[in-house]
Amino acid sequence: MLNLLSGFVEELRRAGLPVSLTEHLDAAEAVHHIPIEDREALKYALGATLIKSSSHWHAFETTFDIYFARGLGSGEDGEPGAGEPGEDGQRPPGDEQGQQGGGGASDEMTPEELAALLYQALLDNNQSLMRMVARGAVTRYAGIEKGRPVGGTYYLYRTLRNLELDKVLERLIGQARAARPDAQDLSALDERLLGDEYRTRVDQMRKAVEDEIRRRLVEDRGAQALAKSVRKPLPEDLDVMHATRDELATLQRALQPLSRKLAVRLARRRRHRRRGPLDFRATVRRSLSTGGVPVEPRFRHPRPAKPEIIVIADISGSVASFARFTLHLVYAIQSQFSKVRSFVFVDGIDEVTRFFEQVDDPAEAVQRINTEADVVWVDGHSDYGHAVSVFFDRWGGEITSRTSVLVLGDARNNYHATEDWVLTELRRKARKLYWLNPEPRDYWGSGDSVIGAYGAHCDAVVECRTLRQLEKFVGDLD
């Protein structure tokens, strides 16, 4: 079991989950106190010891289901797992053959018989019968071919489409409603509770089909190969510019705990900064108690200054997602900066600091920026040259040696004049000038990208495509 656990921890690390040696040892200790044949108990014991963030749970669950797909004993509620004998030594009906491509007696059933068994399993909430129906349905409908590099999602879609679970759900709810003598007087709450019970059973059926498909794919390809093919990036490693709507929602949920962690880290780093220069007078006074020998030198306590931040963000096109998350993060930790001012642009530029004033949630301010900020000058296509020159003319005099300037954008200038002299002036006046580019580094300088012209005048040009990269950059700000 320890070798199995070590392999599982390595698989989690390959998926990007941070698992330390201490957590590995905690997991090894935890498995000594649970029934090892109880798959659910093992899953939650390992999750409790190895996972530190709720945003990592889905990746952990997928890895667990794949790595332990070939069986760990009993299923839920102590019932026999797939392909295992029950207490009487007999296998469940239709489970005479549970290997790849075979469903035993269930693969000899007609679609009508399989549909009848499905309905009965959901009606009775019979978990064993659900697993048997899942095996038969995957055998009949999925069309799994050995060695064929097709993802499990394709097989799952084919199987569920033929099972028509939505129609089965409607039939179950309709029959349950008709069986009640007070059907005409059901309240909205009663209707909802009636439907929720059967929806839960249908979800369990979907899960049983998914587990069966995964088990067969593991038998065919092996756990590591399958895990590699279905591995998805963690929320902090998602590419912000190319994230789907669901992934953007996941990123939004990850921002708040990230900002709290980052604020604590910045505060701790400033609090425990290296000691200051030697305090000669205090050292001499201290030495009087040791005969004039400075045994304990005294140092001045440093007072690290919080940087003043100016953010200049391109909010055109897909770059807007990156700008939105960066502004959100910066304002969520603004207590760690002496002042934060924000400017957004497309081909025109506008200060949007006012939108963040007296707002508890920075996300609300970011939403207002999209509709109220005056950022269009001519045609609404990115013009970095015009935007930065207007910024310098209107607000350049307010930049001091305490100001760190962050420019956010892909530097795709639509072949307009770069006006890169502005960057030279900004760097001369500011404490630091950084450019955060959400494009992959390999794309820099291609097409209408002028990041090379701008980057030559910056203290650093940073590839910043994910929340992890953004966290590292903001955490290193000084």
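Quick caveat: nothing in here was measured; it's all calculated off a predicted structure. (Residues numbered from 1 in each chain as written. Predicted model: local features only at pLDDT ≥ 70, side-chain atom pairs only at ≥ 80, totals over all residues. Heavy atoms only, no water.)

**Student:** Summarise empty space enclosed by the protein; cite the residues concerned and give the values.
**Tutor:** A full pass over the atoms with the stated rule returns 1 cavity of 30 Å³ or more. Space inside the largest cavity adds up to approximately 60 Å³. For the largest cavity, the full set of lining residues is Ile315, Ala320, Ala323, Arg324, Leu327, Val366, Ile369 and Asn370. For the lining of the largest cavity, the secondary structure elements donating two or more residues are helix H13 (319-332) and helix H15 (362-372). The element best represented in the lining of the largest cavity is H13, accounting for 4 residues. (1 Å grid on protein atoms, 1.4 Å probe; cavity = no way out; pocket = protein on both sides within 12 Å on 5 of 7 lines; lining within 4 Å. Points joined across faces, edges and corners; volume = space filled by probe spheres on them. Helix = DSSP H or I, 4+ residues; strand = E, 2+ residues; numbered from the N terminus.)

**Student:** Residues and numbers for a nonpolar patch on the surface, please.
**Tutor:** A grouping of Met1, Leu4 and Ile36 is seen on the molecular surface, where their side chains present a nonpolar patch of about 220 Å² in accessible area. Positionally, Leu4 belongs in helix H1 (residues 2-14). (Patch = residues over 30% accessible without salt bridge, like charges linked within 9 Å, V, L, I, M, F, W, Y side chains within 5 Å. Areas by Shrake-Rupley, 256 points an atom, 1.4 Å probe, with all protein chains shown as cover. Salt bridge = Lys/Arg side-chain N within 4 Å of Asp/Glu carboxyl O.)

**Student:** Describe in detail the nonpolar core, supporting the description with residues and values.
**Tutor:** If you look at the biggest cluster of nonpolar residues, it comprises 46 residues, and the most contacted ones within it are Val344, Ile369 and Val474. The contacts of Val344, once residues within four sequence positions are left out, are Ala313, Ile315, Leu327, Ile349, Asp350, Val352, Ile369, Ala373 and Val375. Membership of the second largest hydrophobic core comes to 33 residues, among which are Ala142, Leu165, Ala176 and Leu217. (Core = buried A, V, L, I, M, F, W, Y, C linked by side-chain atoms within 4.5 Å. Buried < 20%, exposed > 50% of the residue type's maximum accessible area, 1.4 Å probe, protein only. Contact = heavy atoms within 4.5 Å.)

**Student:** Account for helix H2 (residues 21-30), naming residues and giving values.
**Tutor:** What H2 keeps buried is the set Glu23, His24, Ala27, Ala28 and Ala30. End-on, the buried residues of H2 take up no more than an arc of 160°, which puts them together on one face. The outward face of H2, more than 90 degrees from its buried face, is lined by the exposed residues Leu21, Thr22 and Leu25. Buried positions along H2 lie against H1 and helix H3 (39-50). (Arc of directions from axis to C-beta.)

**Student:** Let's hear about the packing of helix H5 (residues 111-124) against helix H8 (residues 165-178): which residues, and what values?
**Tutor:** At their nearest, the axes of H5 and H8 sit 11 Å apart, and the two run at 50° to each other. When the axis of H5 is compared with that of H8, the two are oblique. Relative to H8, H5 is oriented so that their crossing is right-handed. Contacts between H5 and H8 pair Leu118, Tyr119, Leu122 and Leu123 from the former with Leu165, Val168, Arg171, Leu172 and Gln175 from the latter. (Axes fitted to C-alpha atoms, helices over the stretch in contact; angles between N-to-C directions. Parallel < 35°, antiparallel > 145°, perpendicular 65-115°, else oblique. Left-handed = near helix turned anticlockwise from the far one by under 90°.)

**Student:** Can you lay out the packing of aromatic side chains for me, pointing to particular residues and giving the numbers?
**Tutor:** Under the definition given, this model contains 15 aromatic pairs. Between the aromatic rings of Trp57 and Phe60, the centroid separation amounts to 5.1 Å while the plane-to-plane angle is 35°, which identifies the pairing as tilted. In this pair, Trp57 and Phe60 both sit in helix H4 (residues 57-67), 3 residues apart, roughly one turn of the helix. Overall, Trp57 belongs to the partly exposed group, its relative accessible area being 25%. Between the aromatic rings of Phe391 and Trp395, the centroid separation amounts to 5.9 Å while the plane-to-plane angle is 40°, which identifies the pairing as tilted. Of this pair, Phe391 and Trp395 both sit in helix H16 (residues 384-395), separated by 4 residues, roughly a single helical turn. Overall, the relative accessible area of 8% leaves Trp395 in the buried class. (Phe/Tyr/Trp six-rings, centres within 6.5 Å; stacked < 30°, edge-to-face > 60°.)

**Student:** Which residues make up a positive patch on the surface, and what values do they have?
**Tutor:** On the surface, Lys339, Arg402, Arg431 and Lys432 cluster together into a positively charged patch. Note on placement: Lys432 falls in strand S5 (residues 432-437). (Lys, Arg positive; Asp, Glu negative; His and termini not counted. Charge placed at Lys NZ, Arg CZ, Asp CG, Glu CD.)

**Student:** Before we move on, can you summarise the sheet that holds strand S2 (residues 339-345) with the specific residues and values?
**Tutor:** The sheet built from 6 strands is open, its strands ordered S3-S2-S1-S4-S5-S6 with mixed pairing. In this open sheet, the two edge strands, each paired with only one partner strand, are strand S3 (349-351) and strand S6 (460-463). The sheet shows a mean angle of 20° between the axes of neighbouring strands, taken without regard to direction. In this structure, S5 lies alongside S6, joined through 4 bridges in parallel fashion. (Pairing = 2+ DSSP bridges.)

Scope: geometric values only; no functional claims are made or implied.
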